[in-house]
Amino acid sequence: MELQTLVNKQKKFFLTKQTLNATFRKKQLKTLKKMLKTYEERIYQALKKDLNKSKHETLTTELGVVYAEIDFALKHLNEWMSPEKVPAPITHKGTENIIYKEPYGSVLIISAWNYPLQLSIAPAIGAIAAGNCIVLKPSEHAAATSSLLAEMIQATFDEAYFTVVEGEKDVSQRLTELPFDYIFFTGNAHVGKAVMAQASKHLTPVTLELGGKSPAVIDKHAKINLAAKRIAWGKFTNAGQTCVAPDYVYVHEKVKTKFVKTLKKYIIAFYGKKPLQNKDYVKIINTHHFDRLHRFLTDGMIVHGGKSDRDKCMIEPTVLDNVSWQDDVMQEEIFGPILPVLSFRKLNDVITKLKQGEKPLAFYYFGKDERTQEQILEELSFGGGCINDTLYHLANPHLPFGGVGSSGMGAYHGKYGFHTFSHNKSVMKQTTAFDIPLRYPGSRIGHSLVKKIMG
């Protein structure tokens, strides 16, 4: 009942029309940034406690991302909010046709634990820019960050406008049962299906940011040194707990040995010879996920890493060879610091294999031949990705971020976050100076003229 009261309170505040004003929205975005700056040191501490993130990793993958998103929204908000005039056919002579961007109302954001600050605040930026009221449900698995989000947001904003609700999964379930005007969910596909099922009872629109097994393909003409360096960074950042991390790698058999050797070199360069003793190496979020990942270490053959510490919830950056599609590690998204390496002889065989699976959230191709690049982009469907890089597409606010098929629906970042939380309201303003009789029954202009114009 308390949650329903909260939603009612937000809906009532929304009806005051305060959020419709660009000045109000900009003020809230600036307030949000000031809040993050004020609590920045405690944000570092919370993420260190939850995931053992270093200040550098927190700044580059959490705080820096949301600072850039806020600045981008402030710069472009007037442009995004402006009514958009569109042309009309000759049959609509004398009309003015406009698309208005209106907020939905009270929106629910359910975020994930792997980037607990970024995945909470980034969608909220889009919701604020679009003029909505927000209830944020952070992940209970990142308890320190969740608690801090609740503290700083509730100390900064009126709960009728923007608030945090903490709790276990039952709280998320009760929230999705309520008549929100929009639901934005980040997490796994299993929970995403449940969220969508609940939302359907109120016909509430949803965005689902899910995941999947995102492949990387390294062709024989790729620059192996750069490919290994960028895959090591993309895979083992956040200990592999990234929804768009390369889940596995397909390497052309002619360059496989060189790639694996170079990959090992960069893992050591980034994390040292003893990563478990590296004070900045990110840990697995909890023992449940540690145990799930640890079972994968028996698949194939470990060619690098493999050591673990359950008490610290840490697993070394690990490379697996001799892995088959029948192994457990290839049956689900890994979401950890374990990288299976498979080989191929013909790229078309890889394309055929990938088409048989679910559409991934991300795809990465390394190779210099532009025709092959275009073939890959034309034949494979995926949420987003890179040619000759990993993860970096997320940092461009001009690109939408989102999945397709089982990897999700809807997108955000930059203007796409604004549009996600906005309804496009189409309006036609008709002239009263004259009236074209074509549409009316009994018109003397004749069927042939109507057919010529409309047919």
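What you see is a predicted model; the values in this text were computed from it and never measured. (Residues numbered from 1 in each chain as written. Predicted model: local features only at pLDDT ≥ 70, side-chain atom pairs only at ≥ 80, totals over all residues. Heavy atoms only, no water.)

Enquirer: Describe in detail the packing of aromatic side chains, supporting the description with residues and values.
Expert: In this structure the tally under the stated criterion is 21 aromatic pairs. Plain terms: the ring middles of Trp-80 and Phe-418 are 5.7 Å apart, the flat faces sit at 40° to each other, and that makes the pair tilted. Of the two residues, Trp-80 is situated in helix H4 (residues 55-81) and Phe-418 in helix H14 (residues 415-420); the sequence distance between them amounts to 338 residues. With a centroid separation of 5.5 Å and an interplanar angle of 90°, the aromatic rings of Trp-113 and Phe-335 are classed as edge-to-face. Of the two residues, Trp-113 is situated in the loop between strand S3 (106-110) and helix H5 (118-129) and Phe-335 in the loop between strand S13 (318-321) and strand S14 (338-344); the sequence distance between them amounts to 222 residues. We classify Trp-113 as buried; its relative accessible area is 10%. Members of the aromatic cluster, joined through ring pairs, are Tyr-104, Tyr-182, Phe-184, Phe-401, Tyr-412 and Phe-421. (Phe/Tyr/Trp six-rings, centres within 6.5 Å; stacked < 30°, edge-to-face > 60°. Helix = DSSP H or I, 4+ residues; strand = E, 2+ residues; numbered from the N terminus. Buried < 20%, exposed > 50% of the residue type's maximum accessible area, 1.4 Å probe, protein only.)

Enquirer: Outline the side chain of Asn-286, listing residues and values.
Expert: Among the secondary structure elements, Asn-286 is positioned in the loop between helix H10 (256-271) and helix H11 (287-296). When near neighbours in sequence (up to four residues on either side) are disregarded, Asn-286 contacts His-141 and Cys-313. (Contact = heavy atoms within 4.5 Å.)

Enquirer: Describe in detail unusual backbone geometry, supporting the description with residues and values.
Expert: Most peptide bonds take the trans configuration, and most residues that are not glycine carry a negative phi. Even without glycine at this site, Lys-17 takes up a positive phi of about 70°. Along the chain, Lys-17 turns up in the loop between helix H1 (2-14) and helix H2 (22-38). You can call Lys-17 exposed: its relative accessible area is 58%. For Leu-203, which is not a glycine, the phi torsion comes out positive at approximately 55°. Checked against the element boundaries, Leu-203 lands in the loop between helix H8 (189-200) and strand S7 (206-209). On the basis of relative accessible area, Leu-203 is assigned to the exposed category, the value being 75%.

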